[in-house]
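Analysis of the macromolecular model
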Amino acid sequence: MPQELPKVYDPTAIEDRWAEFWVREKLFDVATPTGAEMSEANGNTFTILLPPPNVTGRLHMGHMLNQTEMDILTRWHRMRGETALWLPGTDHAGIATQMMVERQLAGEGKTRQTLGREAFVERVWDWKRHYGGAILDQMKRLGASVDWSREYFTMDERLNVAVREAFVRLHEQGLIYRGAYIVNWCPRCQTAISDLEVVHEEQVGKIYEIKYPLADASGAITIATTRPETMLGDVAVAVNPADERYLKLIGKLIKLPLSAAAGKPAREIPIVADDWANPEFGTGAVKVTPAHDPNDFAIGQRHGLEAINVMDERAHIALTGSAYNGLERFAAREKIIADLDALGLFVAAKEHTNSVGRCDRCKTVVEPTLSKQWFVKIQPLADKAIEAVETGAIRFTPAQYAKTYFEWMRNIHDWCISRQLWWGHRIPAWHCAECGGITVARETPTKCAQCSGAKITQETDVLDTWFSSGLLPFTVFGWPTADGKPNADMAAFYPTSLLVTGFDILFFWVARMIMLGCHFMQDVPMPDGSKRELKDAVPFREVYIHALVRDADRQKMSKTKGNVIDPIDIIGRFGTDAVRFTLASMASPGTDIAFSEARTEGYRAFANKIWNAARFLQMNVEKAREAGYKIQFKHSDFRHFDAGGVALQTDDLEFRWISTRLSEVAQAIDISLSTYRFDEAANTIYQFFWGDLCDWYIELVKLKLDFTLKVNKKTEQAVYNFILVFDASLRLLSPFMPFITEELWQALHEQVSETGKPPKRSIALSRYPRPTDFARDPLSVSSMETLQRLVTTVRTLRKELGVPEKEAAPMQFFAASINKNLIETNKLILSRLARVSEINFVPTPPTGSNARSTMEFDVAVEYEKQIDVVAERERLTKDLVKFEKGLMAAEKQLGNEAFLAKAPDAVVVGLKKQQAETQMMYDKTKAALEALAK
Ligand SMILES: [Zn+2]
Ligand SMILES: [Zn+2]
């Protein structure tokens, strides 16, 4: 005999064990398909890429939601017989990881500069080897059914080769260039950051008005600026050509204050006319500093002005010979204002609210700086990526994200891909000290491609992290291949089926994958050698954008608010299955989740209910065997799923009904999961398991499990069917609650299988029930519902009449013939579930306080009500007063001509109906009171 299931459901006792089992047994590893398997699996694969969490990360509720959704879908597809591949990995996360290790070094009194580049990078690798697996270990605990044999890290050597190839190809195609450009510079991180990594905040600062004297000493022009320290790099003053105040000054020269340095006189700069200058802003005259402002950079380009960079990478003034050289930018600002004031050139400082850009990582104020950076030319990449979504080759759910995507893609600028970090894929370009040329190469060169000089050094910048992660959908499958043809993995798994991700990285990552996927994969032919169309070059066919997990009060979780829920902590308290089920039951496209522990507690109780049902079944199988039944299954007995037929062979109502319900539930889940309605799918299986299966089916089966009788077919069939129904129900639930279903399914098969082993190594590898697996009999559902209503009605009546729990009572019944038959053939159900001792069919509907009427039947429980006359009179009198008041109010309103003239017909009809109902209740209560007096 197999081990008895413990009395109490304890998730901690089973979840770790199965999580380890799934990984150890490599259950979800998908081997590269061979030719024969490929043609067999053709069109029957489900491939999904895990959005790689940062290697520095820890699991949060967002991950848990995202991974629960991915796991439900992957398990569901796998159980449907598809080759389901879910690929895990982590991202090297340039800035985040570098910052983390730098902080560690700071604790030891070191900096990365004192360590040197090579030693620093080695140190980061060290860190990664020690701690980098933490988030994936947490993922294993969630039961994520990923293929661990394919785990990648975005800095892996094979991915590095792919990143280099992609860079070199884009360069060869003229799509990568190096240029001077205004970038968002973070003086703390000492790197350029993308527009998306800058957070803008409204801040109260100052706007300074400064007098710039004209070179011919004929006067001055007053400019307004929020960053006076940049004036050291001014090359012009701009005024609006329509601004009459300054018309006469256009073309004149200015002697730039404070610009004299190291014996050189002050620089003279022109006043130019440019539409950018806004007559309404400040004084209407603005200084032009192309090296430190993106708009000024554009003005500089329009007027052919030079750009003077006045700061170093720490945002300290870097002007040899200048009085401000070496000063930090905000210290320089103070000194400049003081010096201008001393010269009588400072006019005023006014309070001013403006938007300040800060580094998303470290919150340092970003300094727009002109620097040499590497760029990807965004066309034709962007147009192709737009076409992929326009033509439906990629579909977004919720659909409105396609609109957001288009808006962004149509206004996209060239993509700055260089970062001044040490941790990342180093750009494969070499600068020549002799001719100044650049050599871009796949293999490390020994000489300059232009002058053959040997003095070449590699570019110090690394690539934006999103550049490498943007290539993942094809690099994980081994792109580039030596012959340029798709390898077996690419042939089987590209394009991937689906991407599940959050809105926050729609542009960072999703858009870039689409651009790079369409661009590179269009050059890879199809497996049959034909040209790949755009629809097959896309990195994924569908994108599902999941919602946010908020706290129970719908507040965003944040460390400062202290309302962050740690998934590992909550799993420890309620079990993974209950937490997964909570998230699934609330997850629908476009709706944020208000995570509540009360709900999780409820789903833990649900798991408990399932556990108890399994124990009940296990116990009865044993009892049946003791009574002489041979309860033993061949694995093929469970193949009814494959045969497309049903094995539930009996004419009894409850079996025809549960079979129909199983079919309906399987169909409803299919529909819900195909449309990402995780909530609907979870609620369907919940209602079925708790309501249909536990509350009714098991209660009905119990009636047949009488082992005191001698061995008979009916009892045997009842046990047999119970096992088949329970097996199918566990399978239906498995993608949502993988742990408890695995435990119970294994225990069930251990007990009933002739080999003592389940038909598959895991429930996750068994077949998902299909609607066609179960015979449908719609009439059985309506009959069962009538019976259920009857049982419920009798139970309510018994309660109202105060019939003691254990005491049976006769029942009067009036109904049309069909229901009469139903009741006659299911007397046992009524007698046991509603404690009916005798059914008396009556010729007219019974009435009175012991009767109830419904559309289908009229029923009464024959029982002398034992009542407390005083209390009952009090209750009835109270009711009577209430109904009286209701009637008076109704009469008043319906007697009001003005009201009747204005009120819509429906309202009047409703009121009249309500009045009639109140009248009926009034009459009934009055009659009851009179009866009481007798
Ligand atoms: Zn920063
Ligand atoms: Zn050279």
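Everything numeric here is computed off the predicted structure, so don't read it as measured data. (Residues numbered from 1 in each chain as written. Chains lettered and ligands numbered in written order. Predicted model: local features only at pLDDT ≥ 70, side-chain atom pairs only at ≥ 80, totals over all residues. Heavy atoms only, no water.)

As a further point, take the nonpolar core. Formed by 136 residues in total, the largest nonpolar core has its most connected members in Phe689 and Phe736. Ranked by the residues each element gives to this core, the list is headed by helix H23 (residues 678–702), at 13 residues. Those residues in contact with phenylalanine 736 that lie beyond four places of it in its chain are Ile72, Asp577, Arg580, Phe581, Ala584, Ile669, Leu673, Ala681, Ala682, Ile685 and Tyr768. In this structure, Leu85, Val168, Phe406 and Phe520 belong to the second largest nonpolar core, which totals 72 residues. (Core = buried A, V, L, I, M, F, W, Y, C linked by side-chain atoms within 4.5 Å. Buried < 20%, exposed > 50% of the residue type's maximum accessible area, 1.4 Å probe, protein only. Helix = DSSP H or I, 4+ residues; strand = E, 2+ residues; numbered from the N terminus. Contact = heavy atoms within 4.5 Å.)

Our next topic: the pairing of strand E8 (residues 220–225). By the bridge criterion, six bridges tie strand E7 (residues 198–213) to E8 in an arrangement that is antiparallel. Across the sheet, the residue bridging to lysine 211 is threonine 222, located in E8. As consecutive antiparallel partners, E7 and E8 are separated by six residues, and within that stretch alanine 217 has a phi angle of approximately 60°, a positive value. (Pairing = 2+ DSSP bridges.)

Now for the side chain of glutamine 138. Residue placement: glutamine 138 occurs in helix H7 (residues 134–141). Note on glutamine 138: relative accessible area 16%, which makes it buried. Those residues in contact with glutamine 138, other than ones at most four positions away along the chain, are Arg58, Leu59 and Ile568.

Another aspect to go through is the packing of aromatic side chains. The relative placement of two aromatic rings is captured by the distance of their centres and the angle of their planes. Considering all chains together, one arrives at 42 aromatic pairs under this definition. Pairing phenylalanine 167 with tryptophan 374 gives two aromatic rings, centres 5.6 Å apart and planes at 65°, and the pair type is edge-to-face. Here tryptophan 374 lies in strand E14 (residues 367–376) and phenylalanine 167 lies in helix H8 (residues 157–172), a separation of 207 residues in the sequence. Each of the two residues, phenylalanine 167 as well as tryptophan 374, counts as buried. Taken together, the ring pairs in this structure connect Phe581, Tyr603, Phe606, Tyr686, Phe689, Trp690, Phe726 and Phe736 into an aromatic cluster. The ring centre of tryptophan 22 lies 4.6 Å from the NZ or CZ of arginine 75, which sits over that ring. Cation over ring: lysine 820 sits above phenylalanine 841, and NZ or CZ is 5.3 Å from the ring centre. (Phe/Tyr/Trp six-rings, centres within 6.5 Å; stacked < 30°, edge-to-face > 60°. Lys NZ or Arg CZ within 6 Å of the ring centre and 35° of its normal.)

Our focus in this paragraph is the coordination of the zinc ion (ligand 2). Only Cys432 (SG), Cys435 (SG), Cys448 (SG) and Cys451 (SG) from the protein reach the zinc ion (ligand 2) as donors, at distances of 2.2 to 2.4 Å. Angles of 104 to 114° at the metal separate the four donor atoms of the zinc ion (ligand 2), which places the site in the tetrahedral class. For cysteine 435, a relative accessible area of 39% translates into the label partly exposed. (Donors = N, O, S within 2.8 Å, 3.2 Å for Na, K, Ca; no water. Tetrahedral: all angles 85-135°; square planar, octahedral: opposite > 155°, others 65-115°.)

Averaged over all residues, the pLDDT of the protein chain is 90; the fraction at 70 or higher stands at 97%. Across residues 641–646 the pLDDT falls below 50, and counting only partners more than four positions away or on other chains, this stretch makes 19 contacts in the model. (pLDDT = per-residue confidence, 0-100.)

Attention now moves to the coordination of the zinc ion (ligand 1). Taken together, Cys186 (SG), Cys189 (SG), Cys359 (SG) and Cys362 (SG) make up the full set of protein donors to the zinc ion (ligand 1), lying 2.2 to 2.4 Å away. Every donor counted, the four donor atoms about the zinc ion (ligand 1) form angles of 100 to 116° at the centre, which fits tetrahedral coordination. Spacing between the donor residues of the zinc ion (ligand 1) along the chain follows C-x2-C-x169-C-x2-C. Of this pair, cysteine 186 sits in strand E5 (residues 176–186) while cysteine 359 is found in strand E13 (residues 346–359), placing the two residues 173 residues apart along the sequence. In this structure cysteine 186 comes out as buried when scored by relative accessible area, which is 0%. By relative accessible area, which is 1% here, cysteine 359 ends up buried.

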